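# Reading the structure
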Amino acid sequence: MNIPSLKNTPTLVNALTNKVILITGAGAGIGKAVAIEYAKQGATVILLGKTIKKLEKVYDEIVSLGKNTPAIFPLDLAGAHEKDYEDMADVIEKEYGRLDGLLHNASILGTLTPIAQYDAAQWQKVMHVNVTAAFVMTKALLPVLLKSENASVVFTSSSVGRMGRAYWGAYSASKFATESLMQTLADEFENTKNIRFNSINPGATHTGMRLSAFPAEDKSLIAKPVDLVNAYVYLFSEKSDDNGVMFNAQ
Ligand code: NDP
């Protein structure tokens, strides 16, 4: 499989001016670094996540940089219902009139366990948070995304979302399903000029999730979340007209 890499994407300046972008999992790891960079690039960011304290820290950092005032949207994707997403869409429409970007970044790892021993309830939770929530959220937000002149929706994948690997169970299955969701949407909206759908695999990055999966790894050898931001900015900028593409960030 030939997967294009965004590793050498140049640093863009003011690439997201006046854009309204929602980032899930914006309180930690890659989502946090990317949300701060989007604000630096001129976007108004909507910070969605589970833990309010973490979102508030990101909010404070953006405000202290003198950037557009962000919004905080606390939501536990494991327990949210369709109505919660519809309400969110209404609030975004009232507040901003449109949504220019949606980064599905929040995910959970579940357990690294052979399929023969994989707990069925755990499987369902991982599939729910990583895929079903992204489906329901995208569905609810489509009308407000279509009000944008040039909307971008990006799903977060993984190398195990492109090739299965022993013990990665529900996480791997959820990332394959994420790619399918992205490709289906890209195909359905192929002839709609103001919206595009793509996916990105960040690759090994030093975050809480990576630490749970590889506790003994030498952290100095892998990327930090800030190392990836150019790739993530590109996908929401006017430079990208990609649709239906699976990218690697590294
Ligand atoms: P982290 O675990 O560091 O951060 C995940 C974020 O998702 C957190 O902000 C977390 O919020 C949020 N989140 C988790 N569960 C929920 C929930 N139920 N509701 C709302 N928010 C939730 O992960 P990374 O930054 O490492 O990962 C970001 C993305 O990149 C994920 O999709 C991951 O699968 C993918 N990825 C990461 C790789 C890596 O090496 N780091 C490699 C390949 C893919 P809270 O902190 O409040 O729980």
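Here, every reference points to the structure presented above.
Residues numbered from 1 in each chain as written. Predicted model: local features only at pLDDT ≥ 70, side-chain atom pairs only at ≥ 80, totals over all residues. Heavy atoms only, no water.

### Things to note about the nonpolar core
One finds Leu 22, Tyr 85, Met 88, Leu 99, Met 137, Leu 141 and Phe 197 to be the most contacted residues of the largest nonpolar core, which totals 36 residues. Only strand E1 (20–24), strand E2 (44–49), helix H3 (82–96), helix H4 (120–145), strand E5 (151–156), helix H5 (169–188) and strand E6 (195–201) provide two or more residues apiece to this core. Element by element, the count of residues in this core is highest for H4, at 10 residues. Apart from the residues within four sequence positions on either side, Leu 141 is in contact with Leu 22, Met 88, Ala 89, Ile 92, Leu 99 and Leu 102. Counting 34 residues, the second largest nonpolar core, distinct from the first, contains Leu 6, Ala 39, Ala 223 and Leu 235. (Core = buried A, V, L, I, M, F, W, Y, C linked by side-chain atoms within 4.5 Å. Buried < 20%, exposed > 50% of the residue type's maximum accessible area, 1.4 Å probe, protein only. Helix = DSSP H or I, 4+ residues; strand = E, 2+ residues; numbered from the N terminus. Contact = heavy atoms within 4.5 Å.)

### Focus: the site of the ligand
The environment of the ligand is formed by 31 residues, the closest being Thr 51, Lys 54, Asn 105, Tyr 171 and Thr 207. Between Leu 77 and the ligand, the recorded distance is 2.9 Å, taken from a backbone N or O atom to a nitrogen atom. In the environment of the ligand, an oxygen atom lies 3.0 Å from a nitrogen or oxygen atom belonging to the side chain of Lys 175. Its free accessible area being 890 Å², the ligand has 91% of it covered by the protein chains. Going through the elements one at a time, helix H1 (29–40), H5 and helix H6 (208–213) are the ones with two or more residues in the shell around the ligand. Sort the elements by how many residues they give to the shell around the ligand and H6 lands first, with 3 residues. Considered class by class, the residues forming the shell around the ligand number 11 nonpolar, 15 polar and 5 charged. (Near = heavy atom within 4 Å. Polar contact = N/O pair within 3.5 Å; in protein donor to acceptor, adjacent residues only side chain to side chain. Areas by Shrake-Rupley, 256 points an atom, 1.4 Å probe, with all protein chains shown as cover. Nonpolar A, V, L, I, M, F, W, Y, C, P; charged D, E, K, R; others polar.)

### A word on the sheet that holds E1
Read from one edge of the open sheet, 7 strands run E3-E2-E1-E4-E5-E6-E7, paired in parallel fashion. Strand pairing shows two members of the sheet lacking a second neighbour, strand E3 (71–74) and strand E7 (246–248), which therefore form its edges. Each neighbouring strand pair of the sheet contributes to a mean axis angle of 20°, computed without reference to strand direction. In this structure, E1 lies alongside E2, joined through 5 bridges in parallel fashion. Bridge pairing links Leu 22 to Ile 46 in E2. (Pairing = 2+ DSSP bridges. Axes fitted to C-alpha atoms, helices over the stretch in contact; angles between N-to-C directions.)

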